[in-house]
Each structure stands twice: as C-alpha cells, then as structure tokens.
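This is what each chain is made of:
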There are 2 protein chains.
Amino acid sequence: MTKWVYLFTEGNASMRELLGGKGAGVAEMTRTGVPVPPGFTITTDCCNAYYENGKEFPEGMWAQALEALKVVEGQVGRRFGDPANPLLVSVRSGARESMPGMMDTVLNLGLNTQTLAGLATLTNNPRFAADAYRRFVQLFGKIVLGVDGEKFEHVMNETKGGVRQDTDLSTEELQVIAEEFKAIIRQDAGVEFPENPYEQLRMAIAAVFNSWMGRRAIDYRRVYRIPDSLGTGVNVQTMVFGNMGSDCATGVAFTRNPATGANELFGEYLVNAQGEDVVAGIRTPKPIALMQDEMPEVYAQFNGIAQMLENHYKDVQDVEFTIERGRLWMLQTRNGKRTGIAAVKIAVDLVNEGLIDRHTALTRVPPDMLNQYLFPIVDPDAALSAGRLAAGLAAGPGAASGVIVLNPDEAAALAERGVNVILVRTETAPEDFHGMVAAQAILTARGGLTSHAAVVARQMGKCCVCGCGDLQIDYKAGTVTVVARGEVVKVLKAGDAITVDGHAGLVYDGEVPTRESEVLQVVRGTLSPDDSELYRYFTTFLSWSDDVRRLGVRANADTPTDARVARSFGAAGIGLCRTEHMFFEGDRIDAVREMIVADSLEARRAALAKIEPLQQGDFEQIFTVMDGLPVTIRTLDPPLHEFLPHGDAEITALATKLGIAADRLHAKVDSLREANPMLGFRGCRLGIEYPEITEMQARAIFRAAANCQSRGIKVIPEIMIPLVGDVSELRKQEEIVRRVAESVMSETGQPIKYLVGTMIELPRAALTANRIAEEAEFFSFGTNDLTQTTFGMSRDDAGRFLPKYVEQKLLKDDPFEVLDQDGVGQLIQMGVERGRATRPGLKTGICGEHGGEPNSVKFCHRAGLDYVSCSPYRVVIARLAAAQAVLEARH
Amino acid sequence: MTKWVYLFTEGNASMRELLGGKGAGVAEMTRTGVPVPPGFTITTDCCNAYYENGKEFPEGMWAQALEALKVVEGQVGRRFGDPANPLLVSVRSGARESMPGMMDTVLNLGLNTQTLAGLATLTNNPRFAADAYRRFVQLFGKIVLGVDGEKFEHVMNETKGGVRQDTDLSTEELQVIAEEFKAIIRQDAGVEFPENPYEQLRMAIAAVFNSWMGRRAIDYRRVYRIPDSLGTGVNVQTMVFGNMGSDCATGVAFTRNPATGANELFGEYLVNAQGEDVVAGIRTPKPIALMQDEMPEVYAQFNGIAQMLENHYKDVQDVEFTIERGRLWMLQTRNGKRTGIAAVKIAVDLVNEGLIDRHTALTRVPPDMLNQYLFPIVDPDAALSAGRLAAGLAAGPGAASGVIVLNPDEAAALAERGVNVILVRTETAPEDFHGMVAAQAILTARGGLTSHAAVVARQMGKCCVCGCGDLQIDYKAGTVTVVARGEVVKVLKAGDAITVDGHAGLVYDGEVPTRESEVLQVVRGTLSPDDSELYRYFTTFLSWSDDVRRLGVRANADTPTDARVARSFGAAGIGLCRTEHMFFEGDRIDAVREMIVADSLEARRAALAKIEPLQQGDFEQIFTVMDGLPVTIRTLDPPLHEFLPHGDAEITALATKLGIAADRLHAKVDSLREANPMLGFRGCRLGIEYPEITEMQARAIFRAAANCQSRGIKVIPEIMIPLVGDVSELRKQEEIVRRVAESVMSETGQPIKYLVGTMIELPRAALTANRIAEEAEFFSFGTNDLTQTTFGMSRDDAGRFLPKYVEQKLLKDDPFEVLDQDGVGQLIQMGVERGRATRPGLKTGICGEHGGEPNSVKFCHRAGLDYVSCSPYRVVIARLAAAQAVLEARH
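Predicted, not measured: the structure shown is a model, and the values here were computed from it.

Engineer: I'd like a description of the overall build of chain A, backed by residues and values.
Structural biologist: Helix and strand counts for chain A come out as 36 helices and 33 strands. The C-alpha radius of gyration computed for chain A amounts to 32 Å, which stays within 12% of the reference 29 Å derived for 891 residues, consistent with globular compactness. Each principal axis of the C-alpha distribution contributes one length, and for chain A these read about 100 × 60 × 60 Å. Burial statistics for chain A: of 891 residues in total, 60% are counted as buried. Here the contacts in chain A between residues at least 6 apart in sequence split such that 68% fall between residues at least 24 apart. Split by element, the accessible area of chain A, about 34,300 Å² in all, is 49% carbon and sulfur. Positive and negative side-chain charges in chain A, numbering 93 and 116 respectively, have mean positions lying 3 Å apart.

Written out as structure tokens, the structure is:
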C-alpha cells in the first residue's frame, strides 16, 4: 500500500518533492525539536493519483489520513469533532514552490454547532468561539465551495453599518452573521454547509487537489514550464490560538535586522491577538525586545529557537509564532527577505561566522539589489507617511526630490541656479538631453523600460520613473494632472515639489527625505573607505565575485565622466562608446546640423572638419581615463533627423543660424522624415552613403590614439560598425577605417594596435555570422535592436501592448528588460557559434541594455560570450551575476 | 608540354570551360563547316598559369601562339606584319560567361606604318586604311594601354569642329588624328605606340589576362560567387571587312522573328559597311529579305547556314555576318533574345518540330515574360518615335495612356465619366485606394518595388511605375515637373496626357498606342479561344508546366473579382485574403472608423456589428467563386491609424460624421500615431487587445461558410493569425476562433472543416516554429515583413539607400523583390524543419510578394514548401517557375 500521508514527525527538509515546500519545512522544524502544532501532510504523489483516479481519493489515503488524525489527537489531547474538547485544524495547499492560483488556508476546520459550543466552554470565551466559527464558515464558503467572497463582505459591512470595526461586533451579531453566511452558501453553492467535521476535511482536501488544475495554476505552470505532474501536497495542522487571553500572544520576527543586516533579533508581537491582527495593523504591535520583560521565559525559549533555526538553515529566518496560554508554538520558518544592503552584510557576516562559504554567500544576494549601495534611497520611515501620487516603471535607480519642470531648457537654467529639478515629460527625445543632465530625476508619462528616457537615465545612473500612465502632462498649461481610475486626483503645477523613487517606480507628493550613497562618496573621494563600513562590505563581497566569474564586464560609456565612474566600479574596458552622444554637447550640434543639411560633399566635409577636433578631444580624454583597457567605439548610428529640430520655429531659427533659406531647411527636415526610422536610414547605412563621416570619425579615433600613446598611455581602440546585415557592408566600412588608420600611423609614426568589428543587432547578421566573421575581429551583440527586429516590436511603441502581454503572461518578461532566451538568445548562440566557426577565438560581447540585467548576464555566460557591457552603474550587478552564473552552472 | 593554344579548328562547343564561351562558339561553327575567319584561342588555364607565373606567359604559350598564327596565315593567305599583304587580327577576352569588367575587343591589330601602307594598296582605299589605323590606335591606347578614352574623343571632336560626322573626315585628317593619338599615348602611358605587330599582340594578350584581376571583374565575381580560378580565354581572329566596296556587306539576323516568334528569317544588312555602322544607326539598314534580290547566291548560302545553326543549337540563333568581296563570313552565333510572346511560341513550335522535348521547352522562357500575354503592351513601333519623359521602376505590368490626375477623388470622379486617368502621386496610401482602382495606371515619384503603390498595383494587375525620382509633384499647383540631371525638362499639368509602360518602367509624353491582351479577352469571354492563336500557345505551354511541378500555386486575393481572375489563371486556392482590404469599399470605412475611435467595449461591439454582415457577404462571394478550393483568410493586420484620416480638415469632418467632438477625435488620431508603425500595434496584437474584433471576423467567416455549404458549395476555410511572435499569442487568438466556430456550427447545424494557422513573418516565429506548430495547423511565410525584420529595413524607407546597395553590389538583389536566400531563406528553412518536427505534414506556404518572383518560387520548391501564393496575375509566372524548379533540381 502506497504511503500517502506523512505525520510532521515523519518528514524532513529533503522531502520537498514529496511533501511540498510547506510540508517539508514544518516537518523539519518538528524533527529538530522545535514546538510545532502537530499535523500531517498528504503527498504530492497523492494529488497525481487523485487525478488518475478520476478525481477520487486513491485507495488507502482517507484511511491513512484518519489514522494520522488519530495520532495528532493523541499528541494534542483533543478530539476531532468532540463537542467537549474539539480538535480544530487548518488545511492548506503546499506545492514544491508557492504558486499563484493554489488554494488559500482554511482555518478552524472542525467547527460545527456542537463543537462551537464546546469551544466556547473550553475557552470560556463565547465571543471568541462565535468569531472563530464566523471566520471558518466564511473561508470554507469562499475557498472550498467557491462562493463569491464579496457576498460575505457585504453582510459584514451591512451589520457594521459603515462605522464599526470587526472587533466591535457582539457575540450575537457574529452568530447571526454566520447563519446568514450559511444561507448564502445554500443559495449560491446549492449545498448545506457541512456539519460533519470529517465531511469538512474531506471536502477541503479535495478542494486543494482541485485547485492544482484550476485555470490560474495551469496558466502559471504553462508560462513557467512547470510540469503538471509535480502535484501539490495538503497540510492538515492543529489550530493554536494567540487570542485566548493575556497569556497568549502572536508575533513575527527576523533573526537579523532585515533592513541593515545587523545581528540582532528583530520583530514585533501582540498580546492576546491572532496572526491576522498583526498583519491587519488594527493594533500597534510591540518591538520583540519588550517581550523579554513581559514574558521572559517564553522569550528566552523563542530566542533560542530562532538562533537554532538560523544555524540550522544557515540563513536569516523569518519566523511566525503563537503563544497559546503561555506555551510557544512555531508556525512557520523561512528564509527572511531583506534589503540589498542587509543581504550583503548578512552574507559576508555568515561567512565570517563560519556558517557558509564564500560561494554560498554569492548566491544569497540578488544582483539588482546592489543598486541600493550606489544610489540615494527614499528614507524608508519617511516613505510610509508620504503621499504617494502615482506608480510607473522603475527605470533609473535612486531617489530624488525637486520641483517639477516641464521644459528641458528651463530645467538646465534652474539647475544652474542651484535648484533641484525633476524633468517631467510625456516622453523624452535626444534634444532634451541637456535638460535630462541637469535634472535630479526624470519622470515620463509614456515609454517602457527601454524608452529613450529610461536608457539615457540608466546610462547616466540617474533616477528615472517612466511610463507613468496616470500622469497627463500639459506643456502649455504647465500642469501635471494625476488621474486614478479615470478620475483627476490632483493637478500639480510646474514648480511644485515631488519626490521620485527610481528603485520602486513611485512618485511622492512634496519632498520626502532621501539618503546618499556612501559607496559613491568613497568613489568620489569625499568619504574615506575607513569611515564606511558599507563600502568595506560592498567591496569585499564584489571581490569574491571577481574570484569566481569567467565573463568580463565592461561598461557602456560615452563621456570621460562615465568612463571614470565605470572604471571605479571595476569595468574592464568600454564595450560601447556611442560617438553621437557627444554631438549634443555645447555648440557641437550646430556643426552636426550643418553636416546633415549640407548639399554637397564639400559642404559636408567642411562641417565634418569642425566636428573632428572635438571628437578627437573626447576620445583622447576617454583613452586617458581607460589607460590600459580596451575602448570600443561605435561609428555614427542614429537616423540623422534625430539631430534636427522639428518645430517650425526651431527650424526657421536654425536656418537663420546656418544662413540658408528656411524653406530649404524645412524641405530637408521633411525629406529625412521616415515612416519607420528604426528600420530606416541609420547605422552603417549612413557611413556607406557618406563615407566621409566614417573617415572623419576614424581619423579622430586614430589621431587621439596616437596622441595618447605619445604621452605614454596604453590605448586599445576597437572600432565597431553598427547595423550590419551583410558582410559587404562591414567590408565597405572596414576599408575606410583601415585606410585612415594606415594614413594616421604613417603621418604620426605611431604604430597603433586596433580591432575592427561589428554590432550583431539584426537577425540577418546573426544568421550570416559565418560570413561576417570573415571581416569582423569581434562581435558585440546589440540586443536592444536585435530584440526589436526579432520580435518585430518597436521599444517606443510597445508600451501600447507589451505591458498587457507581460501581465497576461503571454510573455514571461518584457523582452527589452530581460533577454528573450527562446528567440533572441538563439540568434546570439547562432552568432557566436557561426562566427567562431569562421574565426576561432573571435571576441564576443553584448552591449545592449541586457548586459546589466542578471538573468541576461547569466545567459551570456552560458552562451560563451567573452564579456558583457552595461551602463556604468550596473557594472557591479553584472560582476555578481557573472559569478552566480558560474556557480549555477556547477549544479 | 601543356597545350595552351587551340586553333578554331581544334575546338568545339563542349570545351566552354577551357576555351571560354566565345572561343567554344567560334570553334563549334568552324567545326560544323560554317565559314568563320580563322583564328585561335588561348585557354583559360593559361590565364591561371599566367598569374601563377608572376604575370608572365607560361612556358611554351608564346611559341604555340606564334605557331597557331602561322597556321592562320596559311589559312588566310596573308602574313602578320607583312607590309604587302598584311594579316590583321582582332583580340578579345572570352570567359566562360560574359562578365562586366573584362576586356573589350581590339580590332585591326597588326597595323603599323608599314602594314598600313600595304593595306591601303591592297584595298586600293587609302582612306579605309587610314581610318582602320586610327581606330586601332584609339582602341589599343584605351583598352591595352589604359589611356582615358575621353582624350581621344576630344581630339576627334576638335577636328570635326562640332558639325561633321566621323565619315566626313578626310584621309589626311585621319592620319593627323592617329599621330595625335600616339602623342597622347606617349604622354599618358609613357610608352611609344608599339610598331612591332608581335609586340602589339603580346601586349593585347597580356591586357586580356590582366583584366581578369581588374577591380570590376573581381567585384563582380565576389558578388556572384564566381571563383577566381576560372580564368579567361583570349581569342585572336582574322579581321574581315564589309566596307571595302559594293561587293561587301555586313548584317545581323535572327532565324525566327524575335518579336512574334514567327518562323521566318528576320534581320537587316548594309552594303559596304562595318558592323559598327549597323549598330550606330548612321545609315538605315535594309530588311534581310532584300538581300535575296541584291546578293542571291550569298543570301542562299547565308540562309542555309542560319537554318543549319538553328538545327544545330536547337534554338533561335542571333547571327552576325560580314561579306568581304562577295565572300560570306560568319562572325558570331548565339541564342537570340526574344519577347515573351515569341519565347512561348518558339518553344512550343520547336517541340512540335521535334527539335526539343517539352522539359527543354519549359526552360526556354523566363517566367516573368509571361506577363506580356496578360497585360497591354506599348506598341513597339510607336514607342520608338514617342517622347520618353522619365524612367522609374517597373512596378505593375501593362501599359496605359490617360490624363494626369493628382487626386484620388478626382480620379474616381473622372473615371466614372469614362475618362482614362493616370493617378500620379508622390506616393500612395491606403486611403488613395479608390483612386487607384479607378485609374488606368499609377505613377509615383517615391517608393520601391514593394511600396504601397507597387504592392496594390500588382495585386490588382494594374500598370504601375513607381520611384520615378525625376518627377516632382506639386499637388497645390497641380503640376508634375520632369527634372533631368537637376534641370527642369518639362512641366506637365493635371489633364495632360501621358503613357505609362509598366513592363519597362517608362513614362511617355502624350498618348502612345497600346495593344490589348488576347489571353485576357478570352478569359473574360470576349474572344473565343479558337480565334486566338496566342491563347492556345499560352495554355499549351502552361499545361506542360503543370505536368512537371510539385509546388502548389495559390493567389493572394481580397475580393471576389480577384478570386475569379486568380482561378481563371489556374490558382489552386487563395493563400492570402486580407480582410482589411475590403474595409475601404463604399461606406464601410465609416463603420471601421467608428470601431477604432470607440471608447468602450459596447461602442466597439456596436460598430463591429455594422461591419460583420458586410464581411460575411464578402466571404460568401469569395467562397462561392473558390468552390472546392481552400481560402486562407487573415485576421485584421494593419495599424489602426491607417484607417483614419490625418489631415485636420478630414478629422474634423469625420468627427461631425461620427457625432463626436473634433478635439476628442484629434486626440484619438494622435494617440494612435506611432514612432515605428511597422513594429507597433498591429497584427494579432490588435486581436489580443480587442478580442471582439477577432470574434466578429471569425463569426463572419464561419457564418459565410455555413451559408455557402447549405447552398452546396464546398468551402475550405483556413483562418490565419498574423504577426505571431510567440505561440501564446496564437493560442489566445485560436481559442477565440475555435469557440466562435463551435458556436456557429451548433447555431447552424452545419459541420465545417477548417484549419487555424499563422503567418510566420517575424524572425522569432521562425526561431520558435517548433513551439508555434503545437497550435498552428499551417504556416504561411509572410516574406514581406520577414524581410523587413530580418534586415531591419522598412520597405517604405529603404528607397533612401537600398537602390544604391543594389547598384554598388552590396546586395545582389533588392530583397523585397527577390527573396534573400542567405538570410530570410534560412529562417524559412528553419521554420519548415522545426514546424514539421513538431507536426509532421504541417502545411507550409509563402504569401509574401516573393510568391510570384521566379527565383523565390524556385527557392520555395527547394525548401520543401507545399505552395506559393502570389497576386492573381503572377499565378502563371509561379506555375512556370515551379516547373523550372523541378527541372533545375534534376541537374
């Protein structure tokens, strides 16, 4: 006979597959001698057998359950269904991982009109008993019998008359309510509420099994590729009550401070209360430390158990407990959630305490959480009481307060006068760049995580919340209207103060206090590392990552400042330097525009001659900062119209500045307009049409390199041609680069070692990588564009439908945020394999936004790339993710 | 000792590899007893040896050449370099295939100051000799010594003083010119013009070899993947002269009429002239038939040789001949170029005459040429004397005259009054559709072969020339300005007559006569097949194709009319019915617009309810026409804003019509605007956001199917979901379709057999085809979009750079015209293989524009697709191409 039922005393932590996560956890606590309310688990195998058996319990199961129940009765000294001394139980689902759509907990099962009376007598508390019964009927009706929960709420609210709390309800009122609940159940579910406790138990167990094949659970498993055959367990556990009097209590605690990581018991408790009361916040709980005075013996026992559990699980535990009439019961223990700062400290401390090794420590911190070391955060206490205005996408890390400014010029002007500004736009464009630089934070109403605002903000390490759809921005009126569910909630004006939380994607009304990053203060030299414990933990932890990882980590950096930051965060080079990002600085844009509107080769060359020394200067600075490390420079990429103004007035003004007829300039701007600019005249297509642009850029690079070399700086330039779809394009551009290199080398007498390679950012480039590698000395996968073309989805427009896709689980993640391994990933693997088939040892990297996203970094490790390149502030995240990739591959 | 040199008498047609095409051809003629001026060929192997030998002739070659020359001297009775009786030769290159960049012919080689005198004496024609010498120096200087040809032209023009012809130059002037030429050579090439004929010959041979590794030749071979190792041959042949007197002549002829295919000798000749004179058109040549009277004996000989060559080569021959002092010399024979109509007639006739078999006949007609059977053509004679205005892309077949109309409404109005109009637009948009329907032809200034104008025109089988960059259209002024090389050539006004030749991509001034298609007259029932020889040849030929091909051919058809045409051309079903193409008909667009601007589900459903019966009616008609054949219907695909007006006035007018505030409609139109509509909110993304649209379309399809079935019509609907990137999208839409199908079947009691499948038009769909095939019952490759995304190139914008790419050979073909087998083709193969791995026997087809392009059709055959689907008028082209694919695969 198959064993379908395990007492908590029979299981242990290793039986997760068979007993589910919850069952295995409770069994493990029981096994280690922790006081746990007795109970038993019905196995996940039984769930499968239930379905194979036409949704009937398999042979022997019910008998085993009754037998286990008998044992539990003996352990507790109460009897199930006994009117005098009734055993009550909770019934809950427990799959291997917790899973949305699975059944919630049914509490107080075993109550009926008879046992209810017994409970009242036993506890000498009729109201307590009546409330317990009301709760049971409500939960059972909703969860097991599928009655709409709103109907129960409605009865509760009617009775309370809109002013009283649940706790104000009298025993009699609670009794009436329970009867009304039963009437609703009769009408809706068409069944009498079961009086027989065994019938109740049977139905609750079947309901757990049935929920395994519920629509939401199936959908969830389909999306996450979890096989249906795993099944769920069912946990039946003795109820204990913390609300039977002043010798009762309930509480939650962490074995270490989850905010700071400090090694101290941290939590809160409530005397004479149920667990739900702590969560609901009806009464204010007390700090756990006070328990030491109030219940010294139980506290000592609890503290000992907590430490034991931490040692046992070798990680911070988040525990729930109930004290019933002076007796401590542990209800749950699990690894505690913690802040990023706490996560690092705890991991390092646990290593120092000898509990875990360094490799284990590295797996304990989600890489993204390192952001909290680098950026300001909203003060957590202050946030609680602050007015939350709207939520959007957490697009750029940090937190900042400032006044609303809707116009980039004004933002720049105000910032110059020392005002902290938040640039608020419907969406941003390259011409807003100076305003974005000047702002403390950027807030947009439209655009996803890879919209212009988001990309630029992350690049600058600037706080940004984007796609905040509840904001309506009226530039003319100078207002930001906050709408919620179609209603205007608030109208803000330019000049009003707000606070933006880029870690959480939230916007607060007014100024909410924030805290500066200590790590950044050290990096900038304004704080000594000796004075910053945070910094020491941070660097220690990252140095362990570096010992483990294989993948190189570079940064995307366009300016000397970015390059400096990147290097201080441990970047091993620049993986993407976008030459055009420097085009907007100062007066340069004038020369760039002159170049674009030029009608002849001569005019274009004249304008290019103005840009060249500026570019050369930039490159010299970057090479200097990156002394000894490779710098990958991409030739001009964006569509030219991005550099031109589009308003009538701006065009006319520019025409005057350039000394050409306004009509002609209008015509030129029009002629550059494209139906689909993303798929238009850009990338290497520019350099093929205007070879003189590539020539100028190559000359600026090589002259800068020669100058730096003559100053003793080690320069390793890697010239990267964008948007190549066919090897012929790369060949054409490469010829120019090599010709210019030769000429600069002979002109300066400086030999320069350099590479020429390409972005792989079009499906065709990946598909024909074997041919492209005939020319390319390196590949850098441009996964932003590769994602756009592979999916046929523009990042600028996907905001219209992509969020819904993710919400409806049509896609697991936003592919612009997390690399799509199924589709785009195939192209990357193909590109690497085919490229290396032609050119063994071909250097490969990734320079899309994904280069700093942990799951994507791990994919890059598995795909055999040599490096990832990401924005400077994500370098540390990538370093950790790369280490975790190695550790995960060992399992 | 390797044999490097072959006399013409030693070779034959099978030695093409070794002797090159020309050498083998001349040898074959010699071998079959045709009088050919004697000569010899230096082998292609020798070319390779020349390079291996450091660009020196390999050992023995020169000696063999001299020996061969001796034999030729003997055959001709003249001696090379003999002042009294000089042998003159031509030297030309001859690779296996003729190849751009290879060396042109050097004529009259062997002339020097001494032999020149001998030639004058011998011919008794000093002017003839002086002119021959002048030509020789000029050609040798330019071709062998690399002097800029312009410089020689300049001298000629100076001497002629701008008024006289070459033929007006006196002997003395010609002598002076030759001396000046030599001076130019001395100065430019830094060498004396070689006096020694052997030196001349040696240099000319080396020049041929050197041209094999010239830049253009190398580029050409790189693009066409021709190995460098093939090498070129060199042909050295005795000169013969048709300009020595009235017993001399020169001419060209076809063994059958190349325009009609009639079996009659067709050509022209000139007495006392050189071949160049016939080509240059200085004198008007006489029809070849006249030669029968003028030179009866030579004519008889020539006629016999011509017939013999046709029989020998089993194809129409295009021959060149010269009569020198009454003696006939054949200079060249090659397969004759012919019109499509001639090609079919000749192929069928040759089969009937027993010269070739049917399979061979099928390989003799380029599939595209069948267009000439289906569309009007510009009368060839009239075209010669007509005024050509501009050239663009041959985007839609046929030819038409009419008056210029710039506005689609006006086009529709005028056409209703019986006026033939040509719709001339900068580019077209879906809202111009009614004007395009009304016009005889469409002419656009912008857009490539897959621009909206081109796609719609081909779909309708309508004459169209697009991308005519020399036209500047001013809608306000109502003018079409023709510009050539930056200068205004002509300003046409709306109402002026023009003629558009869609076969050639040309625009003529005024009305030029055109000829109607007989085949279409038969199809339409206005001409009896018995009265049309053309029709009989056409159908006979196509029936042979059908006997051979494996690939099914369907049509893309959106209307009953299109469907009818498609069926009459042999389409085996509809491979793509774009439901939205019917949205613009009549008042429907109002309901469509109402649906788009609807703010609530109810409003949207109300508008959809208006559209549904119209769609159902369309489908009933199409099912009726296609009785017994499958009809693939695609659900709504294009971005919604394509259905909305964009001008301020139009929006306001629509707002009034719909009874909503103009502001609100403006806002709606704005909100639907996208940065990259091609990558935006379209395809199945619409149906996922608005499931009620898919529901309505499915209901219209299935109710139409049920109605038709009840009338005894056999209906095979295949519902196709567009723009799927992940199987989850297809699953979501499929659920709706199947649910509606069930409901209609139970409502009507009609069981309906149907399929649900998807377009594979995104790289991700091809990459994840194994997953998508879990749901899809068929795949249809949408190669238009697949090309766009694979290349990251928008068809609407590629006009800016793609023509240059093709011109510079960065790409072999426009990938929107000819399927890119290297990139897009890989995705198709992947899609087929992976799809069939999941679902063996998965039906696969292609429904992009490429489905009617012969090379692409052949690729589809090789990739194992089940069918291609193309516009109705290209069905016959695809049928032939599919047959050729089978025949080519056998080789």
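The rest of the description comes next.
Engineer: Talk me through the relation of the copies chain A and chain B; I want residue IDs and the actual numbers.
Structural biologist: When chain A is fitted onto chain B, the two copies agree to an RMSD of 0.1 Å after a turn of 180° and an axial shift of 0.0 Å. The relationship between the two copies is best expressed as a two-fold rotation axis. Mapped onto chain B, 100% of the interface residues of chain A again fall at the interface, so both copies present the same surface.

Engineer: Describe the nonpolar core, listing the residues and the values that go with them.
Structural biologist: Ranked by size, the top nonpolar core spans 293 residues in total, and within it A:F623, A:F702, B:F623, B:F702 and B:I828 carry the most contacts. The residues contacting A:F623, other than those within four sequence positions of it, are A:V631, A:I633, A:I701, A:A704, A:A705, A:C708, A:I713, A:V715 and A:P717. The next biggest cluster of nonpolar side chains, apart from the first, holds 72 residues, and it includes B:L69, B:V91, B:A95 and B:Y220.

Engineer: Tell me about the side chain of B:Q788, and name the residues and values.
Structural biologist: Assignment of secondary structure puts B:Q788 in helix α32 (residues 783-791). Once you skip the residues sitting within four places of it in the chain, B:Q788 turns out to touch A:L679, B:M678, B:M793, B:S794, B:R795 and B:F816.

Engineer: Describe in detail the pattern of salt bridges, supporting the description with residues and values.
Structural biologist: Under the definition given, this model contains 108 salt bridges over all chains. Between B:R578 and B:D558 there is a salt bridge; the shortest N-O distance is 3.3 Å. Residue B:R578 is found in strand β27 (residues 574-578), and its partner B:D558 is found in the loop between β26 (552-556) and α22 (560-568); the two are separated by 20 residues along the sequence. The exposure classification of B:R578 matches that of B:D558, with both residues buried. The partner of B:R771 in a salt bridge is B:E774, with the nearest N and O atoms 3.2 Å apart. One salt-bridge network, held together by shared partners, links A:E580, A:R634, A:D637, A:R682 and A:D785.

Engineer: Tell me about helix α6 (residues 149-160) of chain B, residues and numbers included.
Structural biologist: Residue and element names in this part refer to chain B. Compared with the 16 Å implied by 1.5 Å per residue over twelve residues, the 17 Å span of α6 between its first and last C-alpha is a close match. Tucked into the core, α6 has its buried residues touching α5 (126-144) and α7 (171-189). Where α6 begins, the side chain of D148 points an oxygen toward the backbone nitrogen of E150, at a separation of 3.1 Å. Just downstream of α6 lies G161, where phi reads positive at about 65°.

Engineer: Lay out the sheet that holds strand β17 (residues 421-425) of chain B in plain terms, naming residues and giving numbers.
Structural biologist: All names here are of chain B. Strands sit in the order β14-β24-β23-β16-β17-β18-β19-β15 across an open sheet of eight strands; the sheet is mixed. Two strands close off the open sheet at either side, each with one partner strand: β14 (388-391) and β15 (393-396). This sheet shows a mean twist of 30° between the axes of neighbouring strands, independent of strand direction. Of the pairings in the sheet, the one linking strand β23 (residues 497-501) to strand β24 (residues 506-509) comprises four bridges and is antiparallel in character. Residue pairing in the sheet places I498 in a bridge with D509 of β24. Of the strands in this sheet, β16 (399-405) and β17 touch helix α17 (residues 408-416), which is tilted by about 180° from β17.

Engineer: Can you explain unusual backbone geometry? Please cite residues and give values.
Structural biologist: Residues and elements named next belong to chain A. Phi at N108 takes a positive value of approximately 65°, unusual for a residue other than glycine. The residue N108 is located in strand β6 (residues 106-109) in this model. Given the relative accessible area of 3%, N108 is considered buried. Positive phi outside glycine occurs at L723, with the angle close to 55°.

Engineer: Residues and numbers for the interface of chain A and chain B, please.
Structural biologist: The accessible area lost on association of the parts is a frequent measure of interface size. Facing 52 residues of chain A, the contacting portion of chain B comprises 52 residues. The junction of chain A with chain B conceals about 4,700 Å² of combined surface from both sides, 51% of it contributed by carbon and sulfur atoms. When the buried surface of chain A facing chain B is broken down by residue, A:L679, A:R764 and A:R800 rank first, second and third, together holding 15% of it. At the junction of chain A and chain B, the tally comes to two salt bridges. A salt bridge links B:D820 to A:R764; its shortest N-O distance comes to 2.6 Å. In this structure, the connection of chain A to chain B is made through 24 residue pairs in polar contact (both at pLDDT 80 or more).

Engineer: Describe in detail the packing of helix α35 (residues 854-862) of chain A against helix α36 (residues 875-889) of chain A, supporting the description with residues and values.
Structural biologist: Residue and element names in this part refer to chain A. In the contact formed by α35 and α36, the axes pass within 8 Å of each other and the chain directions differ by 55°. The orientation of α35 with respect to α36, classified from their angle, is oblique. The crossing of α35 and α36 is right-handed. Packed against α35, whose contacting residues are P854, V857, K858 and H861, the element α36 presents I877, A878, A881, A882, Q884, A885, V886 and E888 at the interface. Grouping the amino acids of the contact of α35 with α36 by side-chain chemistry returns eight nonpolar, two polar and two charged.

Engineer: How would you summarise the environment of B:N210 if you had to cite specific residues and measurements?
Structural biologist: Residues and elements named next belong to chain B. Summarising the element assignment, N210 is placed in helix α8 (residues 197-212). Judged by its relative accessible area of 31%, N210 falls in the partly exposed class. Between the C-alpha atoms of N210 and K55, which are 155 residues apart in sequence, the distance is 8.1 Å. The residues contacting N210, other than those within four sequence positions of it, are Y50, Y51 and K55.

Engineer: I'd like a rundown of the pairing of β23(B), residues and numbers included.
Structural biologist: Residue and element names in this part refer to chain B. Among the five residues that make up β23, four are buried, leaving the element largely enclosed by the rest of the structure. In the sheet, β16 pairs with β23 via five bridges, with the strands oriented antiparallel. Counted as the bridge partner of A400 is V500 from β23. Connecting β23 to the next strand, β24, in antiparallel fashion are four residues, including G505 with a positive phi near 70°.

What counts, and at which threshold
- Residues numbered from 1 in each chain as written.
- Chains lettered and ligands numbered in written order.
- Predicted model: local features only at pLDDT ≥ 70, side-chain atom pairs only at ≥ 80, totals over all residues.
- Heavy atoms only, no water.
- Helix = DSSP H or I, 4+ residues; strand = E, 2+ residues; numbered from the N terminus.
- Rg over C-alpha atoms; globule rule 2.2 N^0.38 Å.
- Buried < 20%, exposed > 50% of the residue type's maximum accessible area, 1.4 Å probe, protein only.
- Contact = heavy atoms within 4.5 Å.
- Areas by Shrake-Rupley, 256 points an atom, 1.4 Å probe, with all protein chains shown as cover.
- Lys, Arg positive; Asp, Glu negative; His and termini not counted.
- Charge placed at Lys NZ, Arg CZ, Asp CG, Glu CD.
- Least-squares fit on C-alpha atoms with pLDDT ≥ 70 in both.
- Core = buried A, V, L, I, M, F, W, Y, C linked by side-chain atoms within 4.5 Å.
- Salt bridge = Lys/Arg side-chain N within 4 Å of Asp/Glu carboxyl O.
- Expected span 1.5 Å × (residues − 1).
- Polar contact = N/O pair within 3.5 Å; in protein donor to acceptor, adjacent residues only side chain to side chain.
- Pairing = 2+ DSSP bridges.
- Axes fitted to C-alpha atoms, helices over the stretch in contact; angles between N-to-C directions.
- Buried area = accessible area lost by both parts, 1.4 Å probe.
- Parallel < 35°, antiparallel > 145°, perpendicular 65-115°, else oblique.
- Left-handed = near helix turned anticlockwise from the far one by under 90°.
- Nonpolar A, V, L, I, M, F, W, Y, C, P; charged D, E, K, R; others polar.

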